[in-house]
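Overview (structure and organization)
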Amino acid sequence: MKHEEYMREAIRLSIENIKQGGGPFGAVIVKDGQIIATGTNRVTATCDPTAHAEVSAIRQAAKTLNSFDLSGCDIYTSCEPCPMCLGAIYWAHIDRMFYGNTKTDAKNIGFDDSFIYDEIDLRLEDRKLKAKQLLPEEAIKAFQAWENDTEKTPY
C-alpha cells in the first residue's frame, strides 16, 4: 500500500465512526508496509476524554508490538492531532505523521484546541486551570528512587 491508501483508510474509519456514534476522526499505524493498528474517536461512546483516534491506535499498536516504543512506525490520521495526541505520538517515538484535515478545519466544525496551545504558552499562574504545588519534598522521593534504580527500563 502507498501513503494515500493508508490515509484513505484513516479517512474511511473517520466517516464510518460517525455512523457508530463517534467523532469524525480515524487513525492508522503502519510498520513495515503493514497496518498494525487502527483507532477511531470514541470519547462520547466510552465516556473517556482520552479516547481519541490517535491514542486508541497507539494503544493497539503497543499491544500488537508488545512495546511502548513504536519507532519504525508511521501514523496516518484523518486530522492534524490535538495537543494530547501529538504528545502521545512523540512519546510513542513514531517516526512520521501524515494527516488529512488541519486543526483549523477541526476548529471550523467545533473541535477547537487552540485554547490549549494558548494556555501552554502562559505562565502557570496565568492559566485558566489553577495549579498549586503540594508536598514537593515528599514527591521528589519517587524521582530519586527512579534515578537510583539500576533495573529500570528508560523510555
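You'll find the structure just up there.
Residues numbered from 1 in each chain as written. Predicted model: local features only at pLDDT ≥ 70, side-chain atom pairs only at ≥ 80, totals over all residues. Heavy atoms only, no water.

Within the structure shown, the criterion is met by 5 aromatic pairs. Taking 5.1 Å as the distance between ring centres and 45 degrees as the angle between the ring planes, the aromatic pair formed by Tyr6 and Tyr76 counts as tilted. Taken together, the positions of Tyr6 in helix 1 (residues 3-19) and Tyr76 in strand 3 (residues 73-79) put the pair 70 residues apart, joining distant regions of the chain. For the pair Tyr6 and Tyr76, a shared accessibility class is recorded, and that class is buried. Ring centres of Phe68 and Tyr155 lie 5.8 Å apart, and the angle between their planes is 70 degrees; this geometry places the pair in the edge-to-face category. (Phe/Tyr/Trp six-rings, centres within 6.5 Å; stacked < 30°, edge-to-face > 60°. Helix = DSSP H or I, 4+ residues; strand = E, 2+ residues; numbered from the N terminus. Buried < 20%, exposed > 50% of the residue type's maximum accessible area, 1.4 Å probe, protein only.)

Here the focus is the state of the cysteines. A full pass over the atoms with the stated rule returns 0 disulfides. Distance from the sulfur of Cys47, which forms no disulfide, to the nearest cysteine sulfur (Cys85) is 18 Å. (Disulfide = S-S within 2.5 Å.)

Let us look at the sheet that holds strand 4 (residues 96-101). One open sheet holds the 4 strands; their spatial order is 2-1-3-4, and the pairing between them is mixed. Either end of the sheet is taken by a strand with one partner, and the two such strands are strand 2 (34-40) and strand 4. Taking the axes of each pair of neighbouring strands and ignoring which way they run, one obtains an average angle of 15 degrees across the sheet. When strand 1 (residues 26-31) meets strand 2, the two strands line up antiparallel, connected through 6 bridges. What sits directly across from Val28, in strand 2, is Thr38. Helix-sheet contacts for helix 3 (residues 53-65) involve strand 1, strand 2 and strand 3, and the interaxial angle to strand 2 is about 140 degrees. (Pairing = 2+ DSSP bridges. Axes fitted to C-alpha atoms, helices over the stretch in contact; angles between N-to-C directions. Contact = heavy atoms within 4.5 Å.)

All right, on to the pairing of strand 4 then. The sheet contact formed by strand 3 and strand 4 spans 5 bridges and is parallel. By the bridge assignment, Tyr76 is partnered in strand 4 with Phe98.

Further remarks concern the pattern of salt bridges. This model, assessed by the stated rule, comprises 5 salt bridges. Residues Glu16 and Lys19 are paired through a salt bridge, measuring 3.7 Å at the closest nitrogen-oxygen approach. A residue pair is termed a helical-turn pair when its members lie 3 or 4 positions apart in one helix, as Glu16 and Lys19 do in helix 1 at 3 residues. We note a salt bridge from Arg123 to Glu125, for which the minimum N-O separation is 3.0 Å. Take Arg123 and Glu125: they sit in the same class, and that class is exposed. The network of salt bridges with shared partners includes Arg123, Glu125 and Asp126. (Salt bridge = Lys/Arg side-chain N within 4 Å of Asp/Glu carboxyl O.)

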